[in-house]
Amino acid sequence: MQVSVRDNNVDQALRALKKKMQREGIFREMKLRRNYEKPSERRVREEAEATRRHRKLMRKRLEREGY
């Protein structure tokens with residue numbers, strides 16, 4: 001991942017880097033890897049995340065289409 005520093009403005013470049021890392025999910029990945037997660041716990045977590053994403057999508061679709 002690369003961010004260019006323009007006009008010696010390191011703060012702006014750092015903000016851009018953090019935003020890119022957030023979008024890529026790097027912070028979330030680091031948080032998850034801090035402690036070992038059993039494969040069964042990982043499976044349960046991923047299924048719960050998928051369910052949440054699906055519900056959110058359905059809620060947005062319902063809002064947009066007005067059913």
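Please read all numbers here as calculations on a predicted model, not as lab measurements.

**Student:** It is not clear to me how a positive patch on the surface should be interpreted in this structure. Could you clarify?
**Tutor:** Residues Arg55, Lys56, Arg59, Lys60, Arg61 and Arg64 make up a contiguous surface patch of positive charge. Looking at the element boundaries, lysine 56 is found in helix 3 (residues 39–65).

**Student:** Honestly, the layout of surface pockets in this entry has me stumped. Any pointers?
**Tutor:** Sizing a probe to match a water molecule and rolling it over the atoms shows the empty space that remains. The volume enclosed by the largest pocket comes to roughly 270 Å³. Contributing to the lining of the largest pocket are 13 residues, with Leu32, Arg33, Glu37, Arg42 and Arg45 lying nearest its centre. If you list the elements that add at least two residues to the lining of the largest pocket, you get helix 2 (26–33) and helix 3.

**Student:** I would appreciate a short explanation of helix 1 (residues 10–24) in the present structure.
**Tutor:** Since the α-helix packs 3.6 residues into each turn, any two residues three or four apart lie on the same face. Over its 15 residues, helix 1 extends 21 Å from the first C-alpha to the last, a length consistent with the 21 Å expected when each residue adds 1.5 Å. Phi turns positive, to about 85°, at glycine 25, one or two residues after helix 1.

**Student:** Would you mind going over the environment of arginine 42 with me for this structure?
**Tutor:** Inspection of the secondary structure puts arginine 42 in helix 3. For arginine 42, a relative accessible area of 45% puts it in the partly exposed group. Between the alpha carbons of arginine 42 and asparagine 9 there is a distance of 41 Å; along the sequence they are 33 residues apart.

Definitions and cut-offs
- Residues numbered from 1 in each chain as written.
- Predicted model: local features only at pLDDT ≥ 70, side-chain atom pairs only at ≥ 80, totals over all residues.
- Heavy atoms only, no water.
- Patch = residues over 30% accessible without salt bridge, like charges linked within 9 Å, V, L, I, M, F, W, Y side chains within 5 Å.
- Areas by Shrake-Rupley, 256 points an atom, 1.4 Å probe, with all protein chains shown as cover.
- Salt bridge = Lys/Arg side-chain N within 4 Å of Asp/Glu carboxyl O.
- Lys, Arg positive; Asp, Glu negative; His and termini not counted.
- Charge placed at Lys NZ, Arg CZ, Asp CG, Glu CD.
- Helix = DSSP H or I, 4+ residues; strand = E, 2+ residues; numbered from the N terminus.
- 1 Å grid on protein atoms, 1.4 Å probe; cavity = no way out; pocket = protein on both sides within 12 Å on 5 of 7 lines; lining within 4 Å.
- Points joined across faces, edges and corners; volume = space filled by probe spheres on them.
- Expected span 1.5 Å × (residues − 1).
- Buried < 20%, exposed > 50% of the residue type's maximum accessible area, 1.4 Å probe, protein only.

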